[in-house]
Amino acid sequence: MSAAAAETRTVHVRVPATSANLGPGFDTLGLALSVYDEVEVTALPPGELEIEVSGSGAEHIPRDDSHLIARTIRYCFEAAGRRAPGLRIVAHNGIPHGKGLGSSGAAVAAGVLAANGLLDGQLTDADLLRLATELEGHPDNVAPALFGGLTIAWTENGVPQHKKLLVHRGVAPVVFVPDRTMSTSMARSVLAAEVSREDAVFNVSRSALLIAALTQSPDLLMSATEDKLHQERRAQAMPETFALVNALRAAGFAAVVSGAGPSVLVLADGPGRRLEAAAVAAEAADGSWQPLMLAVDFLGGTTWTADDPRMDMSRTAG
Ligand code: HSE
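Computed from a prediction, not measured in an experiment: that's the story for all the values here.

Q: It is not clear to me how the sheet that holds strand 7 (residues 172-177) should be interpreted in this structure. Could you clarify?
A: Remark on secondary structure: sheet strands pair via backbone hydrogen bonds, oriented parallel or antiparallel. Spatially, 8-9-7-10 is the arrangement adopted by the 4 strands of the open sheet, whose pairing is antiparallel. The open sheet has two free edges, formed respectively by strand 8 (255-257) and strand 10 (290-293), since each of these has just one partner strand. Shown here is a sheet whose adjacent strand axes are inclined to one another by a mean of 25 degrees, direction ignored. With respect to the sheet, helix 9 (residues 239-250) is in contact with strand 7, strand 8 and strand 9 (264-268), its orientation differing from that of strand 8 by roughly 160 degrees.

Quick look at the structure:
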C-alpha cells in the first residue's frame, strides 16, 4: 500500500471486554467476554486529531493527545520506525468503563490493532502483545482482548507471552456491575510486596486447578477460584464488592472480583445457574448491581477495512 493510500485508510476494530485474575491467577489469567468496544480510525495529515466518543464513560474520556487509543497508535508507529499520521477516531464503548472489565486494556488493544491496520499488518502477534503490555503494564487483560478465549499470560526474559485455551461449554459467566468505579492503580497500591510461602503454594495450587476447571471440569470451579494473593487486601477499598463475593460463594457460586474490581464475576457451572446467581445477588445486595449474562468471546480483537471487509480471524488459532 502506498503512503498516500495509508493516509486515507479507515480501519475498523472491535475488541471484547476481559476479566482478569479469575480469583487466583493474579496478573496471569484472563477471559474474553462478549461485550465490545468498537472503534473506527482514519489516518489524517500529520498533526491533525479528531476524536468522537460515545457509550460507557464517554463523559470522562479526554479528546486530546492524551486519548489512550491515539497515544497507543502513535506508540506503535514509533516502534515500527514510521511517522504517525494524524488521526480521526470514532469510538463507541460497550464495555463498562472503570468497572474491572478491561476497559483500558481494550482501548490499548484497539489502538495496537488499529495501528497494525494502518501499517498494513506489519506487526506480528508477538509485537501486538508486547506493545500492548508495555502500555498497559500487565498482560492479563490485553492478551484475551487481542486473542480471545481463556489466556494464560507470562513474561520470558521480560517479553510477554500467551497461551490461548478453549473454555468448557458448561462454564457460563455472569458479571455483576455496580454503579461505582475503581481505579486499577489504587487497587494495586494496597497489595502486599511479599507473601508467605503458604499463601504462594495456596495460589499455585488453585491456579493450576482453575485451568482444569475451566477447560475440563467445571464442577471444580468453587475450589479453583479461591485466592490469597490479592482479593482480601483489596476488601477495604471496595467492601460492597467483597460482601457480594462472599454472599455468592456462601450460596455455592464461584464468585471472584473481576480484575481489580469493583465488578464481581461468577463462573457458573451451567447457563441456568446464572439466573440463580442473579437471584442471590438481588437478595444480598442493593438493586444497583447490573447483571450481565455473557458468553466467552473466542475471536478476540478483530479488524477490517473497506478494501478487505472480511474480519481478520488469523489470530484465532491460539
Ligand atoms: N491483574 C490486574 C490487577 C488486573 O488485579 O491489578 C487489572 O485489570
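Next comes the rest of the write-up.
Q: How do you make sense of the packing of aromatic side chains when you look at a structure like this?
A: To describe a pair of aromatic rings, you give the distance between the ring centres and the angle between the ring planes. Enumeration according to the criterion identifies 0 aromatic pairs in this entry. Above the ring of Phe298, the side-chain terminus of Lys164 is found at 3.8 Å from the ring centroid. The ring centre of Phe202 lies 4.6 Å from the NZ or CZ of Lys228, which sits over that ring.

Q: What is the right way to look at the pattern of salt bridges in this model?
A: A pair can form between side chains of opposite charge whenever their charged atoms are brought close. All chains considered together, the criterion is met by 12 salt bridges. Arg74 is paired through a salt bridge with Asp65; the nearest N and O atoms lie 3.6 Å apart. In this structure, the salt-bridge partner of Arg130 is Asp127, at a minimum N-O distance of 3.3 Å. Here Asp127 and Arg130 lie together in helix 4 (residues 125-136), a separation of 3 residues that amounts to about one turn.

Q: I would appreciate a short explanation of unusual backbone geometry in the present structure.
A: The phi angle of most residues is negative, glycine excepted, and most peptide bonds adopt the trans form. Backbone torsion omega between Gly261 and Pro262 reads 10 degrees, so that peptide bond is classified as cis. By secondary structure assignment, the location of Pro262 is in the loop between strand 8 and strand 9. The backbone of Asn21 shows a phi angle near 80 degrees, a positive value even though the residue is not glycine. Counting through the fold element by element, Asn21 comes out in strand 1 (residues 10-21). On the basis of relative accessible area, Asn21 is assigned to the buried category, the value being 3%. The backbone of Asn157 sits at a positive phi, close to 50 degrees, despite the residue not being glycine. Within the fold, Asn157 resides in the loop between strand 5 (150-156) and strand 6 (159-165). Taking the relative accessible area as the measure of exposure, Asn157 reaches 81% and is therefore exposed.

Cut-offs and rules
Residues numbered from 1 in each chain as written. Predicted model: local features only at pLDDT ≥ 70, side-chain atom pairs only at ≥ 80, totals over all residues. Heavy atoms only, no water. Pairing = 2+ DSSP bridges. Helix = DSSP H or I, 4+ residues; strand = E, 2+ residues; numbered from the N terminus. Axes fitted to C-alpha atoms, helices over the stretch in contact; angles between N-to-C directions. Contact = heavy atoms within 4.5 Å. Phe/Tyr/Trp six-rings, centres within 6.5 Å; stacked < 30°, edge-to-face > 60°. Lys NZ or Arg CZ within 6 Å of the ring centre and 35° of its normal. Salt bridge = Lys/Arg side-chain N within 4 Å of Asp/Glu carboxyl O. Buried < 20%, exposed > 50% of the residue type's maximum accessible area, 1.4 Å probe, protein only.

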